[in-house]
There are 2 protein chains.
Amino acid sequence: MTSIKELAKKLDIPYHFLAKILQDLVYKGLLTSQKGPTGGFALGMPAKDITLFHIVEAIDGVGFTNRCVLGFPECSGKNPCAVHEQWAGLRDGIYQMLVGRNIAEIAKEMRKPEYRAVAR
Amino acid sequence: MTSIKELAKKLDIPYHFLAKILQDLVYKGLLTSQKGPTGGFALGMPAKDITLFHIVEAIDGVGFTNRCVLGFPECSGKNPCAVHEQWAGLRDGIYQMLVGRNIAEIAKEMRKPEYRAVAR
DNA sequence: ACAATTTCGGACTTTTTTGTCCTATATTAC
DNA sequence: GTAATATAGGACAAAAAAGTCCGAAATTGT
């Protein structure tokens, strides 16, 4: 459980700016929150269950999984655009990449000293 | 050689809106233009030499080819992020997809009746 | 040279996105 | 129950992006 105040200090970003982001992530289900003293935010699920896909879904949306990459509404298997099949493979690769990683793993990797040197 | 007026009518989009887009594409080198009567716009290179990559480059930029997909500035081969290698393969696949198609091919495919029914 | 036509480029407006702040509401400890 | 502390959510402000318009400059045909 972490408060906005605490996190804002650690990340060195504006309090209200962070507040809005966290509230949004609560709304999206990625976090839970509790009001009052000793309150704050926590992960909505165990870290090992939160994948990159969950995060992309919450932040950018996952329209890429079913929309034609060239933007043609009429593109489909029956009526494919010029890169329909090729994109299908790549899109699936991206999907696998996103669902195959969870933030517990990533957090572990990020603790390496190289990252801490540059990252905030 | 096509004028803004002519194209705006065919595409049924606002004249000034189209004008700005075309001017930008001239600036980016994808089109050439000529002023005065009989003037207008034409492709800056033969259609078979303009790839999807050229277009993506002009419209969205191609930062994806060398930026860490997770956004870590410190990510590199020596100090890879959690998906560095996996993304390298996918990114190359996307690159190949973009450079492997030119607009002459695509235009030909788009002439199929299925597309003309829905597309404008 | 002149009139007509076309792109050019900047000014301006509108819309969308991003960021800030304030009050209300919930929760805790005493 | 009260005081203190935390998030919730909407109002507001600022910034960025998208879209519109207009006068200037170039080119063409007569």
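Now for a quick tour of the structure. Source: prediction; values computed, not measured.

Cut-offs and rules
Residues numbered from 1 in each chain as written. Chains lettered and ligands numbered in written order. Predicted model: local features only at pLDDT ≥ 70, side-chain atom pairs only at ≥ 80, totals over all residues. Heavy atoms only, no water. Contact = heavy atoms within 4.5 Å. Salt bridge = Lys/Arg side-chain N within 4 Å of Asp/Glu carboxyl O. Helix = DSSP H or I, 4+ residues; strand = E, 2+ residues; numbered from the N terminus. Near = heavy atom within 4 Å. Polar contact = N/O pair within 3.5 Å; in protein donor to acceptor, adjacent residues only side chain to side chain. Axes fitted to C-alpha atoms, helices over the stretch in contact; angles between N-to-C directions. Parallel < 35°, antiparallel > 145°, perpendicular 65-115°, else oblique. Nonpolar A, V, L, I, M, F, W, Y, C, P; charged D, E, K, R; others polar. Least-squares fit on C-alpha atoms with pLDDT ≥ 70 in both. Pairing = 2+ DSSP bridges. Buried < 20%, exposed > 50% of the residue type's maximum accessible area, 1.4 Å probe, protein only. Core = buried A, V, L, I, M, F, W, Y, C linked by side-chain atoms within 4.5 Å.

**Some words on the interface of chain B and chain A**
Logical step 1: Each partner contributes to the interface: chain B provides 26 residues, whereas chain A provides 26 residues.
Logical step 2: Our enumeration of links across chain B and chain A arrives at zero salt bridges.
Logical step 3: Secondary structure elements with two or more residues in the side of chain B that touches chain A: α4 (84-99), α5 (103-110) and α6 (113-118) of chain B.
Logical step 4: Element by element, the count of residues in the side of chain B that touches chain A is highest for α4(B), at seven residues.

**Things to note about the protein's contact with DNA strand D**
Logical step 1: Taken together, 21 residues form the shell around DNA strand D, and within it Ile4(A), Ser33(A), Lys20(B), Gln34(B) and Pro37(B) come nearest.
Logical step 2: Taking all atoms of DNA strand D within 4 Å of the protein, the share assigned to sugar and phosphate is 61%.
Logical step 3: Gln23(A) is positioned such that a nitrogen or oxygen atom in its side chain is 3.0 Å from a base nitrogen of DNA strand D.
Logical step 4: One of the backbone N or O atoms of Gly36(A) is found 3.1 Å from a sugar or linking oxygen in DNA strand D.
Logical step 5: Breaking the surface near DNA strand D down by element, the ones donating at least two residues are α1 (4-11), α2 (15-27), β1 (31-34) and β2 (40-43) of chain A together with α2 (15-27) of chain B.

**Comments concerning the packing of helix α3 (residues 52-59) of chain B against α4(B)**
Residue and element names in this part refer to chain B.
Logical step 1: The contact between α3 and α4 brings their axes to 6 Å, and the two run at 105 degrees. Here α3 is positioned roughly perpendicular relative to α4, judged by the angle of their axes. Counted together, Leu52, Phe53 and Val56 of α3 and Tyr95, Met97, Leu98 and Val99 of α4 form the full contact between these two elements.
Logical step 2: For the contact of α3 with α4, the per-class residue count stands at seven nonpolar, no polar and no charged.

**Concerning the protein's contact with DNA strand C**
Logical step 1: Taken together, 21 residues lie near DNA strand C, and Phe17(A), Gln34(A), Pro37(A), Ile4(B) and Ser33(B) sit nearest.
Logical step 2: Here the atoms of DNA strand C within 4 Å of the protein split so that 62% fall in sugar or phosphate, with bases taking the remainder.
Logical step 3: In the environment of DNA strand C, a base nitrogen lies 3.1 Å from a nitrogen or oxygen atom belonging to the side chain of Gln23(B).
Logical step 4: Elements with a minimum of two residues in the surface near DNA strand C: α2 of chain A together with α1 (4-11), α2, β1 (31-34) and β2 (40-43) of chain B.
Logical step 5: The biggest single contributor to the surface near DNA strand C is α2(A), with three residues.

**Quick notes on the relation of the copies chain B and chain A**
Logical step 1: Of the two same-sequence chains, chain B is brought onto chain A (RMSD 0.0 Å, axial shift 0.1 Å) by a rotation of 180 degrees. Within this description, the copies of the chain are treated as partners about a two-fold rotation axis. When C-alpha positions in chain B are compared against the rotation axis, the closest is assigned to Leu90(B), at 3.2 Å.
Logical step 2: Comparing interface residues between copies, 100% of those in chain B also lie at the interface in chain A; the contact surface is shared.

**Considerations on the side chain of Asn79(B)**
Logical step 1: Within the secondary structure, Asn79(B) is located in the loop between α3 and α4.
Logical step 2: A polar atom in the side chain of Asn79(B) sits 3.2 Å from the backbone oxygen of Glu74(B).

**Topic: the pairing of β1(A)**
All names here are of chain A.
Logical step 1: Across four bridges, β1 lies against β2 in antiparallel orientation. Note that in β2 the partner of Ser33 across the bridge is Phe41.
Logical step 2: In textbook terms, the turn of a hairpin is the stretch between consecutive antiparallel strands, and for β1 and β2 this stretch comprises five residues, one of which, Gly36, has a positive phi near 80 degrees.

**Quick notes on unusual backbone geometry**
Logical step 1: Despite not being glycine, Asp12(A) has its phi angle at roughly 55 degrees, a positive value.
Logical step 2: Within the element layout of this structure, Asp12(A) appears in the loop between α1 and α2.

**Some words on the environment of Pro80(B)**
All names here are of chain B.
Logical step 1: Looking at where Pro80 falls in the secondary structure, it is placed in the loop between α3 and α4.
Logical step 2: Looking at Pro80, the relative accessible area reads 25%, which means it is partly exposed.
Logical step 3: C-alpha of Pro80 to C-alpha of Leu7: the two residues are 73 residues apart in sequence and 48 Å apart in space.

**A short note on the nonpolar core**
Logical step 1: Counting residues in each nonpolar core, the largest one holds 30 residues, and the members touching the most others are Ile94(A) and Ile94(B).
Logical step 2: Counting only elements with at least two residues in this core, the list comes to α3 (52-59), α4 (84-99) and α5 (103-110) of chain A together with α3, α4 and α5 of chain B.
Logical step 3: Every residue in contact with Ile94(A), bar those within four places of it in the chain, is listed here: Phe64(A), Trp87(A), Trp87(B), Leu90(B) and Ile94(B).

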